[in-house]
Amino acid sequence: MHALDLHFTHQSKASLTFRAPDSSLRTAFWASLILLAGAAPMQAVLPSAPTQAAVMRMFDAWRAPVPPRHLLANIYYVGASGVSSFLITTPEGHILLDTGFDDTVPIIREGVTQLGFKLTDIKIIISSHAHIDHVGGHALMQKLTGARIYASAGDARLLASGGTDDFIPFPRETIVYAPVTVDHVVADGEHVTLGNVTLTAHLTPGHTRGATTWTMDAVVDGALRRIVFFSSTTINAGTRLLHNPLYPEIVREFETTLTRLKALPCDIFFAPHGGQFGMAEKIARLDRDETPNPFIDPDGWRNLVTRAERTFRDQLAAERAAERNSGPDR
Ligand SMILES: [Zn+2]
């Protein structure tokens, strides 16, 4: 099971189908939803937003400390069990991608030190997207390091609001975090350079309005590899694609994002949750000294994007069918 399937999805009929590895099962499931939709309002058949208790259970499963470790090139994992945090080191200081929850910060601090780096050498903090499980630690980490926080315009607004200015239909108390003032707003295609590392920002909105996929190049196994730090394309349970008054552009933006992700060259990919990039399995293979490096996985990337697109199209089709069947009074 991939964390993509868990990420902000509720324990519902729909999350069961997201977990089904077999596409015919998935199709059959959505077909049954579409049939059901003829007899029931849309809310009854599409997943609804989770309760506070369900969200907290999911988050709590992600908070455990795990040992920090070198992944490849100058990239290290310093996150918790279920929320990623990547340290990208350079001779001129380091970049930190995602800070997890506020209580992930001590795990990151401990990990960075254990790896032999100085926390105060973190100069730039960037993020995959401005949800509590990835930027909840930003304010505290900035206080500890003095690093500058970079984010896209869409996520900068969400960060400034401490997570409240979001279209996510989750209970408010589960999504709020310490507000963050962004020091630098990154534009689409902007290069962020520190020392000998250059990361490129690719705006991939939909999961949040400012969701950002980052790319860089590094030599792995003797060749230059294209590395992608995926943002997220999960449609959180309860989020509607059609007629969403809080995010009217959501369908158009997801379409653009999927097109961009399909066109992105990728040899190696990482993601906000370990399960989304097969971290545990790849690390186990790395520990067996497998060659080529198990993180070189262009097929895994293509599969991730294919699954993301299928999930999007399935929900869009189900919502359209429900709308057709609910008649002109709706
Ligand atoms: Zn998220």
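Residues numbered from 1 in each chain as written. Predicted model: local features only at pLDDT ≥ 70, side-chain atom pairs only at ≥ 80, totals over all residues. Heavy atoms only, no water.

1. So, the packing of aromatic side chains
Taken as a whole and judged by the stated rule, the model has 15 aromatic pairs. Ring geometry for Phe 59 and Trp 62: centres 5.8 Å apart, planes at 45 degrees, overall tilted. By relative accessible area, which is 6% here, Trp 62 ends up buried. Consider the rings of Phe 86 and Phe 277, whose centres lie 6.0 Å apart with planes at 50 degrees: the pair is tilted. With Phe 86 in strand S3 (residues 86–90) and Phe 277 in the loop between strand S12 (268–270) and helix H12 (279–287), this residue pair connects regions lying 191 residues apart in the sequence. (Phe/Tyr/Trp six-rings, centres within 6.5 Å; stacked < 30°, edge-to-face > 60°. Buried < 20%, exposed > 50% of the residue type's maximum accessible area, 1.4 Å probe, protein only. Helix = DSSP H or I, 4+ residues; strand = E, 2+ residues; numbered from the N terminus.)

2. Some remarks on the nonpolar core
Ranked by size, the top nonpolar core spans 40 residues in total, and within it Ile 75, Phe 229, Phe 270 and Trp 301 carry the most contacts. Top contributing element to this core by residue count: strand S10 (residues 212–220), with four residues. When sequence neighbours within four positions are dropped, the list of residues in contact with Trp 301 reads Val 228, Phe 230, Leu 261, Leu 264, Cys 266 and Phe 269. (Core = buried A, V, L, I, M, F, W, Y, C linked by side-chain atoms within 4.5 Å. Contact = heavy atoms within 4.5 Å.)

3. Describing the pattern of salt bridges
Evaluation of the coordinates by the stated rule reveals 14 salt bridges. As a salt-bridge pair, Arg 260 and Asp 188 come within 3.0 Å of each other at their nearest N and O atoms. Taken together, the residues span a long stretch of sequence, with Arg 260 in helix H11 (residues 250–263) and Asp 188 in the loop between strand S7 (184–186) and strand S8 (191–194) at a distance of 72 residues. On the basis of relative accessible area, Arg 260 is assigned to the partly exposed category, the value being 29%. (Salt bridge = Lys/Arg side-chain N within 4 Å of Asp/Glu carboxyl O.)

4. Description of the packing of H11 against helix H13 (residues 298–325)
Helix-helix packing: each pair is described by the crossing angle between the helix axes and the interaxial distance. Between H11 and H13, the shortest axis-to-axis distance is 10 Å and the interhelical angle comes to 160 degrees. By the angle class used here, H11 and H13 are roughly antiparallel. By crossing handedness, the relation of H11 to H13 is classed as left-handed. Every residue of H13 that contacts H11 at Val 251, Phe 254, Glu 255, Leu 258, Leu 261 and Lys 262 is listed here: Trp 301, Val 305, Ala 308, Glu 309, Phe 312, Arg 313 and Leu 316. A breakdown of the residues in the contact of H11 with H13 according to their chemical character gives nine nonpolar, no polar and four charged. (Axes fitted to C-alpha atoms, helices over the stretch in contact; angles between N-to-C directions. Parallel < 35°, antiparallel > 145°, perpendicular 65-115°, else oblique. Left-handed = near helix turned anticlockwise from the far one by under 90°. Nonpolar A, V, L, I, M, F, W, Y, C, P; charged D, E, K, R; others polar.)

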